[in-house]
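# Residue-level structure breakdown
Below are the chains, spelled out letter by letter.
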There are 2 protein chains.
Amino acid sequence: MAGRSSEFDRIDSFLKPLAAGFQGALGLVDDAGVLTLPASESLVVTTDAMVEGVHYLAGEPPERLARKLLRVNLSDLAAMGAAPYCYTLTLALPPAVEDDWLAAFVSGLANDQAAFGVHLLGGDSVSTPGPPVLSMTAFGRVDNGRMVLRSGAQPSDAVLVSGTVGDGALGLQVARDGVPGLDNAHSRFLAGRYHQPDPRICLGRALPGLATAAADLSDGLMGDLGHICRASGVSAVVDADRVPLSAAALSMIALEPRWRKVALAGGDDYELVFTAPRDAVAAIRAAAAECAVQVTVVGRIVEAEGRSPEARMVDADGTIMNGVAGWQHF
Amino acid sequence: MAGRSSEFDRIDSFLKPLAAGFQGALGLVDDAGVLTLPASESLVVTTDAMVEGVHYLAGEPPERLARKLLRVNLSDLAAMGAAPYCYTLTLALPPAVEDDWLAAFVSGLANDQAAFGVHLLGGDSVSTPGPPVLSMTAFGRVDNGRMVLRSGAQPSDAVLVSGTVGDGALGLQVARDGVPGLDNAHSRFLAGRYHQPDPRICLGRALPGLATAAADLSDGLMGDLGHICRASGVSAVVDADRVPLSAAALSMIALEPRWRKVALAGGDDYELVFTAPRDAVAAIRAAAAECAVQVTVVGRIVEAEGRSPEARMVDADGTIMNGVAGWQHF
């Protein structure tokens, strides 16, 4: 398995098994794949890429990269209320990347394909003189008209988030530089949250008819809520003290208070942020419990009042917090 | 327009206009796009990437690159008999690529969107420390069960190609190094065939019900016909003298006979190679005439006779030609 196969052989040896048994992929022997849905369903399509040196560091285990790539794409489907279906993959890899690496990458995908019930629909493998660029387009299925869009938030809606916020951003810090003094179990938890997000598919599937708008947390809580605000023409106020933080995050903040803003700014959590009428919150809590995921009301939607729609975070004393607006990849 | 916008601003300023008016794209403000087809139709999905230094040379005009990227994807749809519908785009660009470049790239896409009736469904723009990697997933529509696959070729079928073969491979030579002694008009024609392929959508749409198998010419005539042979479990014999060559290609071969094999090996022509029962050839010719494209019978399908399915090219004296098997990008 050492060495490097041709691009054709790579598709044959490594990608074809990921498409096995999925009729629409036509065994990857054709020019394209084919999807046929019942008339009652729509196809939801999202695309996300990861670049070495931008979205991940050289030397990361390929199994983990593969699973992260799939999961960040599935997270977008979850935010729309769609059920995962299949994906296409385009790998641009430098000549130095050997078949061993690709075999491990494919094995990560194979594991998560089974976990999430998805299949490879089509793939392309090309050579690049630069760093790896891993691109995926993921497909979900949703009953017609039952998508949750970003544009439906209404004044007086509650703002909710799933799970805990900030673990991804703190986990990046742990994974990259380590955090002296942080308990091993907490370090592992945070790094795991960064490396292996858990797309909230079950919760996302429960939101159509309950939530008015939703997005997944990839740009940070305020960043992604800001997208909802602009799409909906409303503003949002989030109470910093209500933002749910994990025990590991609290432990890291106890070591150094400056981590609090990093956690609140968030990013790469792949939780869901969503809005809903107050009277839907109880039903949402019940649905979330069925999915074994926690949801927390963190704020409210307000009129934009003639200003540009925006998401604001206020601290316990009512002052607007700065420095929590968004998230940039390293 | 000099300088470089953030990734968010790039999507807002450059990609959103390409999605304008296409309902499924949701204005690119959501986590994903949504496609709803009539129950009578299937979606055909293909994915293809272009990497600087592998599939094109640095410094090529971005308008032309954009159009080539779209066209090579549409060519895959044509080979399946599908009508072009929409596409997603992932651009991994180095920081040195300025907004001017992106504006020109988008303008190339906008022109071809109008020409081919397609829209941007979703897009992602990411940064890379390496060379540009341009990835596209393209979507076509086809009546259920009316796709033309690679797997349907039958012994005694005729093998046909559209247009002329070899212009792409010779055009690469012209574009990269020039060909001393070759007439200017012929040079321009060949380089144009390489840079700006013409996906055979009209012909592809006419083939369901007539052709038994089809592929587009991206890996070369024998390479792509070989894919059909392996998918169908048959072999093919192509007569070198029947392969249609353009006047420009013949003129280049007249200068140096070694170009003949380069032309016959082909590659990047984005014509269609397809198989059909002999009694369907007249109807195919009539359909091709409606599309203003020439089709030529170049060979026949034969039993694999216990050997591995393969495509063979024979010269006028009946000997099997070597060195025409496939095509590698530079």
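Residues numbered from 1 in each chain as written. Chains lettered and ligands numbered in written order. Predicted model: local features only at pLDDT ≥ 70, side-chain atom pairs only at ≥ 80, totals over all residues. Heavy atoms only, no water.

### Description of the sheet that holds strand β11 (residues 311-314) of chain B
Residue and element names in this part refer to chain B. The mixed open sheet is built from six strands, whose spatial order is β7-β9-β6-β10-β8-β11. Edge strands, defined here as strands with exactly one partner in the open sheet, are β7 (213-216) and β11. Each adjacent strand pair in this sheet contributes to an overall mean axis angle of 25 degrees, direction not counted. Summarising the sheet, strand β8 (residues 234-239) and strand β10 (residues 295-303) pair through five bridges and their orientation is antiparallel. Looking at β10, one finds that Ser 235 is bridged to Val 302. Sitting on the sheet, helix α10 (residues 281-290) touches β6 (158-162), β9 (272-276) and β10, and the angle it makes with β10 is about 150 degrees. (Pairing = 2+ DSSP bridges. Helix = DSSP H or I, 4+ residues; strand = E, 2+ residues; numbered from the N terminus. Axes fitted to C-alpha atoms, helices over the stretch in contact; angles between N-to-C directions. Contact = heavy atoms within 4.5 Å.)

### Focus on the state of the cysteines
Counted by the stated rule, this structure contains two disulfides over all chains. The disulfide bridge from A:Cys202 ends at A:Cys291, spanning 2.1 Å between sulfur atoms. With the S-S dihedral at roughly -75 degrees, the linkage between A:Cys202 and A:Cys291 falls on the left-handed side. Residue A:Cys202 is located in helix α6 (residues 201-206), and its partner A:Cys291 is located in the loop between α10 (281-290) and β10 (295-303); the two are separated by 89 residues in the primary sequence. No disulfide involves B:Cys86; its sulfur sits 14 Å from the nearest other cysteine sulfur, which is in A:Cys86. The buried category is assigned to B:Cys86, whose relative accessible area is 1%. (Disulfide = S-S within 2.5 Å. Buried < 20%, exposed > 50% of the residue type's maximum accessible area, 1.4 Å probe, protein only.)

### Some remarks on the packing of aromatic side chains
Under the counting rule described, the total for this entry stands at five aromatic pairs over all chains. Between A:Phe139 and B:Phe139 the ring centres are 5.8 Å apart and the planes differ by 70 degrees, which places this aromatic pair in the edge-to-face class. Of this pair, A:Phe139 sits in strand β5 (residues 133-143) while B:Phe139 sits in strand β5 (residues 133-143), each in a different chain. For A:Phe139, a relative accessible area of 0% translates into the label buried. Centre to centre, the rings of B:Trp101 and B:Phe105 are 5.2 Å apart; their planes meet at 15 degrees, and the pair counts as stacked. Within this pair, B:Trp101 and its partner B:Phe105 are both found in helix α3 (residues 99-116), separated by four residues, close to a single helical turn. By relative accessible area, which is 19% here, B:Trp101 ends up buried. Above the plane of the ring of B:Tyr194 lies B:Lys68, whose end atom (NZ or CZ) is 3.7 Å from the centre. (Phe/Tyr/Trp six-rings, centres within 6.5 Å; stacked < 30°, edge-to-face > 60°. Lys NZ or Arg CZ within 6 Å of the ring centre and 35° of its normal.)

### Side note on the relation of the copies chain A and chain B
Rotating chain A by 180 degrees and translating it 0.0 Å along the rotation axis places it on chain B, where the RMSD comes to 0.0 Å. Both copies are brought into coincidence by an operation consistent with a two-fold rotation axis. An overlap of 100% is found between the interface residues of chain A and their copies at the interface of chain B, pointing to a shared contact surface. (Least-squares fit on C-alpha atoms with pLDDT ≥ 70 in both.)

### Here's the deal with the domain arrangement of chain A
All names here are of chain A. Split by domain assignment, chain A resolves into domain 1 (7-143) and domain 2 (158-314). The centre of domain 1, based on its C-alpha atoms, is set 26 Å off from the matching centre of domain 2. In this complex, domain 1 contributes 19 residues to the contact, which on the side of domain 2 involves 18 residues. When the two sides are added together, the surface that domain 1 and domain 2 hide from each other amounts to roughly 1,600 Å², 59% of it contributed by carbon and sulfur. In this structure, the connection of domain 1 to domain 2 is made through one salt bridge. At the junction of domain 1 with domain 2, the criterion picks out six residue pairs in polar contact (both at pLDDT 80 or more). At the level of secondary structure, the elements contributing two or more residues to the side of domain 1 that touches domain 2 comprise α2 (62-79) and β3 (83-93). A per-element tally of the side of domain 1 that touches domain 2 places α2 first, with 10 residues. (Domains from an automatic or database assignment. Buried area = accessible area lost by both parts, 1.4 Å probe. Salt bridge = Lys/Arg side-chain N within 4 Å of Asp/Glu carboxyl O. Polar contact = N/O pair within 3.5 Å; in protein donor to acceptor, adjacent residues only side chain to side chain.)

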